[in-house]
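Observations on chain architecture
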Amino acid sequence: MTRSSPENPLLKIDALPDFRRIGPEHAIPAVDGQLQLNRSLIDELAELDTGGDDARTLFARVVVPMERARQRLGRVWSPISHLNAVMNTKAMRESYNACLAKLTAYETELQQNETLCTLYKQILERDRDEGSTLARDQRRLVEDAVRDFRLSGVDLPTRDKERFSDLMRELTATQSRFEENVLDATNAFYHVVTDEAELDGLPDHVITRAAEQAASAGDPIGSAWRFVLDLPTYQAVVKHANSEVLRRLFYEAWSTRASDQGPHAGEWDNTPLMGQILRLRGEIASITGFDSYAGYSLATKMADSVDQVIDFLEELVARSLPAGRKEFQALVDFAGHSLEAWDVAWVVERVRHKLFDISDEMLRPYFPLARVVDGMFALVAKLFDIRIRRDDSVNCWHEDAQYYVLEDADGRARGGFYMDLFVRPDKRSGAWMDTCVVRAELDGMTELPVAYLVCNFTPPSGDQPAQLSHTEVLTLFHEFGHSLHHMLTRVAYPSHSGINGVPWDAVELPSQFLENFVWDREVIGMISGHVSTGEPLPEDLLDRLIASRTFNAGMAMLRQLEFALFDMRLHAQAPPSADQEAQQIAHTLTGVRNKVSVVPVPDFNRFPCSFSHIFAGGYAAGYYSYKWAEVLSADAFSAFEEEGVLNVPTGQRWLHNVLEVGGARDAMEAFVGFRGRPPTPDALLRHSGLTAS
Ligand code: ZN
């Protein structure tokens with residue numbers, strides 16, 4: 001049977017995406033079609049006669065259809081954006097970028113639509129006049145929407161409005177180029193080792209993979225090892241390679257990605273893009289009436305001001321610096337000589353080994369991926385009274401990916417998620433959760449939430465099943481925490497459902513919260529078992545693992561504080577001119593490092609050039625969110641420490657106060673609802689061993 005125009009699989013939005021059929025050619029027509037529908041709706045709303053409507057009627061006539069339009073567009077776009085991240089091809093990248101430009105234009109046009117904004121404002125006015133007839137979540141949704149209209153320049157004169165949309169369009173495109181440069185620069189690097197002695201110290205699984213890579217590039221097995229620059233390989237080399245030459249080579253390649261330095265100097269240099277991104281953001285802030293982009297960014301966050309954030313970070317610096325200095329000195333003493341940047345992780349591993357006789361590689365066999373996943377599911381099943389089961393009938397984009405259904409105890413479906421956990425060359429690096437379907441309850445129809453949980457773990461090799469380091473277990477729990485926040489929501493409106501509408505500095509709360517369990521004795525028992533014997537982690541190894549938690553915690557804390565302060569200061573100052581960008585970025589970084597860093601940094605290090613979180617992602621003037629949310633999450637977990645780590649009522653209180661409410665409830669109010677008081681940093685400092693000075 002032949003058909004002249006086969007149906008576009010992206011338009012089938014009442015079911016899960018059919019990933020086996022979706023191709024780059026479907027993206028543009030589907031997005032165009034949906035945007036056209038949304039635009040006609042907005043035109044219709046502009047003609048609405050609202051004279052006799054009360055607040056609730058107006059909400060139903062304006063907000064509900066707009067929420068539905070948002071939901072449909074999200075369902076069309078999500079698979080495209082996801083495939084671009086996990087199955088990147090040239091064609092998909094082009095389609096993605098073309099769609100992204102269209103979406104940004106639409107988003108700006110929507111946010112600058114005065115008629116629509118007036119309708120939303122009318123709802124609030126009538127609600128006030130009628131003595132608050134809207135439900136609380138409805139009022140909050142409209143208030144947030146009115147705030148966002150303002151941040152998008154809805155009140156600006158026409159000329160400024162046009163400028164604002166140009167800026168947004170340009171910013172999105174520039175950020176996307178930044179990310180592509182990082183990916184291209186990372187993929188371009190490889191290093192071939194032919195002298196077996198150079199492999200000394202490297203874990204077997206890394207060597208095996210390098211041999212396989214060399215074989216597929218044409219070298220006979222055993223004669224050469226080809227190392228690529230993905231995160232697992234990079235980390236294995238700098239932590240374990242006894243060859244200083246090899247460590248330096250990888251450190252340099254990694255820390256100079258997409259810059260004017262290193263093995264591919266100048267080929268994908270992000271420096272001009274960083275300057276441009278900062279200038280675009282600076283102008284966006286000033287056009288909407290803010291002193292700086294940092295101020296603009298904080299308008300939607302839980303933190304109140306730039307000063308509050310800087311004070312928060314500097315207090316943590318002050319509490320961690322003495323420990324960090326002592327820790328670094330201990331590394332130098334151990335080595336018996338001054339340390340280069342590419343020695344630090346290697347010496348840390350040696351000291352860790354000496355103090356705790358423990359290493360990632362010793363622990364890995366006790367954390368087979370399948371066992372970790374089963375244990376993690378069992379933990380949340382108990383705490384939140386839910387069930388998780390695999391469903392192999394759902395089509396995925398790659399054989400490594402699986403689909404799971406999440407159900408209430410009575411078997412009622414609550415949501416679902418895809419897991420795609422292994423590293424691949426065409427996949428964005430790092431680990432993340434993204435939304436496939438957002439929960440919605442509109443006009444009596446309920447759509448259940450679906451998440452993507454993506455990591456880049458080392459795949460099974462030969463006859464060895466995949467095994468995780470303890471850090472990778474933390475990563476998995478982190479992303480699963482985001483997934484649960486997305487899936488367990490009870491919110492009806494997509495704008496506030498799951499992670500939507502949650503301030504950036506509170507969005508890491510559920511994810512970092514779940515990480516805490518990976519340090520608990522009982523939970524470790526649930527998620528570990530030797531890969532060949534199934535034996536539990538021996539008691540003394542477990543003791544040493546837990547004791548190692550606070551090892552070098554000061555240095556680790558300072559590293560994150562350095563990133564956060566660099567990001568906040570960079571966005572709080574006037575943006576650099578085109579001829580000053582490299583100097584200003586370097587100067588800001590040096591200023592922060594002088595106060596915060598205890599580790600030497602070589603001149604060639606160009607870490608900002610691959611700092612995608614703030615230059616390509618949503619963490620601009622928001623990187624502090626990790627620490628902010630970590631304070632909240634440690635404090636939240638301390639309630640479990642007090643009441644019992646597997647205590648079901650505490651789990652239920654967390655579920656109802658935090659996980660279920662999404663953006664529909666004020667983040668601080670939700671926290672206090674759970675904890676019974678405002679947050680304090682004490683639990684975080686205690687967990688990090690930084691309380692006693
Ligand atoms: Zn996260």
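Please read all numbers here as calculations on a predicted model, not as lab measurements.

1. Observations regarding the overall build of the protein
Helix and strand counts for the protein come out as 27 helices and nine strands. Here the protein has a C-alpha radius of gyration of 26 Å; the compact-globule value for 693 residues is 26 Å, and the two agree. Across the 693 residues in the protein, those meeting the buried criterion constitute 57%. Pairs at least 24 apart in sequence give 75% of the contacts found in the protein among residues at least 6 apart. When the 69 positive and 101 negative side-chain charges of the protein are each reduced to one mean point, those points stand 2 Å apart.

2. Re the nonpolar core
In terms of nonpolar packing, the biggest core is built from 143 residues, with F384, L476, F477, F480, L484, F517 and W654 touching the most fellow members. Excluding anything up to four places from it in sequence, F517 contacts L379, L383, F477, V523, F637, F640 and V645. With 63 residues, the next largest nonpolar core counts Y106, V142, V154 and W432 among its residues.

3. Some details on the coordination of the zinc ion
Ligation of the zinc ion by protein atoms is provided by H478 (NE2), H482 (NE2), E508 (OE) and E508 (OE), these donors lying 2.1 to 2.7 Å from the ion. Coordination at the zinc ion comes from four donor atoms whose angles at the metal span 53 to 141 degrees, giving a geometry best classed as irregular. Site description for the zinc ion: donor spacing in sequence, H-x3-H-x25-E. Of this pair, H478 and H482 both sit in helix α16 (residues 470-487), four residues apart, which is roughly one turn of that helix. The exposure classification of H478 matches that of H482, with both residues buried.

4. A short note on the packing of aromatic side chains
Any aromatic ring pair is given by two values, namely how distant the centres are and how the planes are angled relative to each other. A complete count under the given rule lists 47 aromatic pairs for this structure. Ring geometry for Y234 and W254: centres 4.6 Å apart, planes at 10 degrees, overall stacked. On the criterion of sequence distance, the pair formed by Y234 in helix α8 (residues 231-240) and W254 in helix α9 (residues 244-255) is long-range, its members being 20 residues apart. Residue Y234 is classed as buried on the basis of its relative accessible area, which comes to 11%. Between F517 and F640, the aromatic rings sit 5.7 Å apart at their centres with planes inclined by 75 degrees, giving edge-to-face as the arrangement. Residue F517 is located in the loop between α18 (509-515) and α19 (521-527), and its partner F640 is located in helix α24 (residues 625-643); the two are separated by 123 residues in the primary sequence. Take F517 and F640: they sit in the same class, and that class is buried. Feature note: the residues W504, F563, F566, F607, F611, Y619, Y623 and Y626 constitute an aromatic cluster, connected by ring pairs. For the cation-ring pair, R247 lies above W346, with the distance from its terminal atom to the ring centre recorded as 4.4 Å. The positively charged end of R428 is found above the aromatic ring belonging to W432, 4.1 Å away from the centroid.

Procedures and definitions
- Residues numbered from 1 in each chain as written.
- Predicted model: local features only at pLDDT ≥ 70, side-chain atom pairs only at ≥ 80, totals over all residues.
- Heavy atoms only, no water.
- Helix = DSSP H or I, 4+ residues; strand = E, 2+ residues; numbered from the N terminus.
- Rg over C-alpha atoms; globule rule 2.2 N^0.38 Å.
- Buried < 20%, exposed > 50% of the residue type's maximum accessible area, 1.4 Å probe, protein only.
- Contact = heavy atoms within 4.5 Å.
- Lys, Arg positive; Asp, Glu negative; His and termini not counted.
- Charge placed at Lys NZ, Arg CZ, Asp CG, Glu CD.
- Core = buried A, V, L, I, M, F, W, Y, C linked by side-chain atoms within 4.5 Å.
- Donors = N, O, S within 2.8 Å, 3.2 Å for Na, K, Ca; no water.
- Tetrahedral: all angles 85-135°; square planar, octahedral: opposite > 155°, others 65-115°.
- Phe/Tyr/Trp six-rings, centres within 6.5 Å; stacked < 30°, edge-to-face > 60°.
- Lys NZ or Arg CZ within 6 Å of the ring centre and 35° of its normal.

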